[in-house]
Amino acid sequence: MSKDKVQIFDTTLRDGEQVPGCKLATKEKLVIAKRLDVLGVDVIEAGFPISSPGDFGSVEEISKLVQNATVCGLTRAVEKDIEVAAQALTYAKFPRIHTGIGTSESHMKYKFKATPEQIIERAVKATAYAKSYVEDVEFYAEDAGRTDNVFLARVLEEVIKAGATVLNIPDTTGYCLPDEYGAKMKYLRENVRGIENVILSCHCHNDLGLATANSIAGVQNGARQIECTINGIGERAGNTSLEEVVMILKQHPYLNLETNINTQLLYNTSQMVSEKMGMMVQPNKAIVGANAFAHSSGIHQDGVIKNRETYEIIDPAEVGVTESAIVLTARSGRAALAYRSKKIGYELTKNQLDVAYQNFLTVADQQKEVKDNDIHRIMEAVQIQAGALA
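1. Points about the overall build of the protein chain
Here is step 1: Each helix and strand in the protein chain was counted, giving 14 helices and twelve strands.
Here is step 2: Seen through its C-alpha atoms, the protein chain measures out along the principal axes to roughly 85 × 40 × 40 Å.
Here is step 3: Each of the 390 residues in the protein chain was classed as buried or not, and the buried ones make up 52%.
Here is step 4: Of all intrachain contacts in the protein chain linking residues separated by at least 6 positions in sequence, the fraction that spans at least 24 positions is 73%.
Here is step 5: Split by element, the accessible area of the protein chain, about 17,600 Å² in all, is 50% carbon and sulfur.
Here is step 6: Positive and negative charge centroids in the protein chain, built from 42 and 50 side chains respectively, lie 1 Å apart.

2. Quick look at the packing of helix α3 (residues 79-88) against helix α5 (residues 116-131)
Here is step 1: Where α3 meets α5, the axes come as close as 10 Å, and the angle between the chain directions of the two elements is 25°. By the angle between their axes, α3 is roughly parallel relative to α5. Classified by chirality, the crossing of α5 by α3 is right-handed. Residues Glu79, Ile82 and Glu83 of α3 form the contact with α5, whose own contacting residues are Lys125, Ala126, Tyr129 and Ala130.
Here is step 2: Here the residues of the contact of α3 with α5 sort into four nonpolar, no polar and three charged.

3. What about the packing of aromatic side chains?
Where two aromatic rings form a pair, the distance of their centres and the angle of their planes describe that pair.
Here is step 1: Within the structure shown, the criterion is met by two aromatic pairs.
Here is step 2: Between Tyr129 and Tyr133, the ring centres sit 5.4 Å apart and the planes meet at 90°, which makes this aromatic pair edge-to-face.
Here is step 3: Between Tyr357 and Phe360, the aromatic rings sit 5.7 Å apart at their centres with planes inclined by 25°, giving stacked as the arrangement. With Tyr357 and Phe360 both in helix α13 (residues 350-364), this residue pair falls three residues apart, about one helical turn.
Here is step 4: Classification of Tyr357 as buried rests on a relative accessible area of 9%.
Here is step 5: The ring of Tyr91 carries the charged tip of Lys64 above its face, separated from the ring centre by 4.8 Å.

4. Section: the sheet that holds strand β4 (residues 70-74)
Here is step 1: Spatial strand order, β2-β3-β4-β5-β6-β7-β8-β9: eight strands in a closed barrel with parallel pairing. For this sheet, the mean inter-axis angle between neighbouring strands, taken without regard to orientation, is 25°.
Here is step 2: Pairing between strand β2 (residues 7-10) and strand β3 (residues 43-47): two bridges, direction parallel. Considered in β3, the bridge of Phe9 is made with Val43.
Here is step 3: Across the sheet, helix α2 (residues 53-65) lies against β3 and β4, angled at about 150° from β3, the strand it touches most.

5. A closer look at the layout of surface pockets
Here is step 1: The calculated volume of the largest pocket comes to roughly 470 Å³.
Here is step 2: Around the largest pocket, the lining comprises 25 residues; the ones closest to its centre are Arg14, Leu74, Lys111, Tyr140 and Glu142.
Here is step 3: It is strand β5 (residues 95-102) that contributes the most residues to the lining of the largest pocket, four residues altogether.
Here is step 4: When grouped by side-chain class, the residues that make up the lining of the largest pocket number eight nonpolar, nine polar and eight charged.

6. Brief notes about the side chain of Thr240
Here is step 1: Here Thr240 lies in the loop between β9 (225-228) and α9 (242-251).
Here is step 2: On the basis of relative accessible area, Thr240 is assigned to the buried category, the value being 0%.

7. Side note on the pattern of salt bridges
Where side chains of opposite charge bring their charged atoms close, a pairing between them can arise.
Here is step 1: Using the criterion set out here, one finds 32 salt bridges in the structure.
Here is step 2: As a salt-bridge pair, Lys131 and Glu135 come within 2.9 Å of each other at their nearest N and O atoms.
Here is step 3: Salt-bridge contacts for Lys343 lead to Glu323; the nearest nitrogen and oxygen are separated by 3.4 Å. With Lys343 in helix α12 (residues 334-343) and Glu323 in the loop between α11 (298-306) and β12 (325-326), this pair connects stretches of sequence that are 20 residues apart.

8. Here's the deal with unusual backbone geometry
Here is step 1: For Arg236, which is not a glycine, the phi torsion comes out positive at approximately 55°.
Here is step 2: On the secondary structure map, Arg236 appears in the loop between β9 and α9.
Here is step 3: Here the phi dihedral of Ile287 falls at roughly 75°; this positive angle occurs in a residue that is not glycine.
Here is step 4: Within the fold, Ile287 resides in the loop between α10 (266-277) and β11 (294-295).
Here is step 5: Taking relative accessible area as the criterion, Ile287 reaches 11% and is therefore assigned buried.

9. Let's talk about helix α8 (residues 211-220)
Here is step 1: Counting buried positions along α8 gives eight out of ten residues, so the element sits mostly inside the fold.
Here is step 2: All of the buried residues in α8 are Ala211, Thr212, Asn214, Ser215, Ile216, Ala217, Gly218 and Val219.
Here is step 3: On the buried face of α8, the contacting elements are β7 (166-171), α7 (178-191), β8 (199-204), β9, α9 and β10 (257-258).
Here is step 4: Phi turns positive, to about 115°, at Gly222, one or two residues after α8.

10. Thoughts on the state of the cysteines
Here is step 1: Scanning the model with the defined rule gives zero disulfides in all.
Here is step 2: Note on Cys72: no disulfide assigned, nearest cysteine sulfur contributed by Cys228 at a separation of 13 Å.
Here is step 3: The exposure class assigned to Cys72 is buried, which follows from its relative accessible area of 0%.
Here is step 4: Left without a disulfide partner, Cys228 is nearest to the cysteine sulfur of Cys202, which lies 9.9 Å away.
Here is step 5: For Cys228, a relative accessible area of 0% corresponds to the buried category.

Calculation rules
- Residues numbered from 1 in each chain as written.
- Predicted model: local features only at pLDDT ≥ 70, side-chain atom pairs only at ≥ 80, totals over all residues.
- Heavy atoms only, no water.
- Helix = DSSP H or I, 4+ residues; strand = E, 2+ residues; numbered from the N terminus.
- Buried < 20%, exposed > 50% of the residue type's maximum accessible area, 1.4 Å probe, protein only.
- Contact = heavy atoms within 4.5 Å.
- Areas by Shrake-Rupley, 256 points an atom, 1.4 Å probe, with all protein chains shown as cover.
- Lys, Arg positive; Asp, Glu negative; His and termini not counted.
- Charge placed at Lys NZ, Arg CZ, Asp CG, Glu CD.
- Axes fitted to C-alpha atoms, helices over the stretch in contact; angles between N-to-C directions.
- Parallel < 35°, antiparallel > 145°, perpendicular 65-115°, else oblique.
- Left-handed = near helix turned anticlockwise from the far one by under 90°.
- Nonpolar A, V, L, I, M, F, W, Y, C, P; charged D, E, K, R; others polar.
- Phe/Tyr/Trp six-rings, centres within 6.5 Å; stacked < 30°, edge-to-face > 60°.
- Lys NZ or Arg CZ within 6 Å of the ring centre and 35° of its normal.
- Pairing = 2+ DSSP bridges.
- 1 Å grid on protein atoms, 1.4 Å probe; cavity = no way out; pocket = protein on both sides within 12 Å on 5 of 7 lines; lining within 4 Å.
- Points joined across faces, edges and corners; volume = space filled by probe spheres on them.
- Salt bridge = Lys/Arg side-chain N within 4 Å of Asp/Glu carboxyl O.
- Disulfide = S-S within 2.5 Å.

Structure follows, in structure tokens:
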């Protein structure tokens, strides 16, 4: 059975850059945009052009640079926003304007002080205006996660008529549970006329740690675009993590969903974004964290040394990591010490290993991790020469 394509919409340079302290210069944005294009993302949301001259210039320069991906500019449902975005996207090979408005009761009542009919009118007007500039128009229904499904369906049906090609269903506050978000996608697929002619998109935030789960629930229920960021960076607790959703789809072939991402570039891309934005990747971060393929428990180490798949569902090489890491601590066993010792030139007999291991435990109890230099000292202490054969 052939697999359905899930488009990867990367918003690292827009939503990701909204993180306090992560502001990038145009030159830095161009480096990241070029990497995203090589990585294989389908859409690069390059910025919010009307927000500042700097953002406008960045979107314009990214539009000139990117050769393969669609370049997208964000707007509000405001004519001037749309005009400026269209101007910034002039040089894009594949331009997209991303416009929209809040649709939840909270947004309508407090943010816009507008009636449902007024919201629909503004949504339709913005979509049609964007369509007069570009063929590819994405409409976002902000706070769709907390929007009544019946009203949401009405809005989407009208913007499809106005020319929208992609419908973004954001869980703006990260509130939805996966079954709720998936059910919302299913409802829209079944109740919006013309939905078969457009792409449904997931844009999930991580306030409750559910962004990745919600995005997967979305594509399981008919969405064919996931909006995400490298390392999951973004507003508040962040966005859906690109590397997580890509590898989930790759590791679960029965879903019959695939992406164009070159996964072997994921780790390097993660490091690049972390360095440019000054945002450290948490060590236990899935896929790209420093500990994602590290093992310190003796039981786990023994299993991985015998067969990597015992405790790893992903081959590190698939995401660009050189190899699994055997980290020596007080919880490590003889197998791990023998493995690491061999790596640096010591082939130990059983008796030598027994003696070395007792010395190792003494050192390990005094520090968090035993490094290669420590192993050399341990071997000297038990008079085992480098290169000695068992």
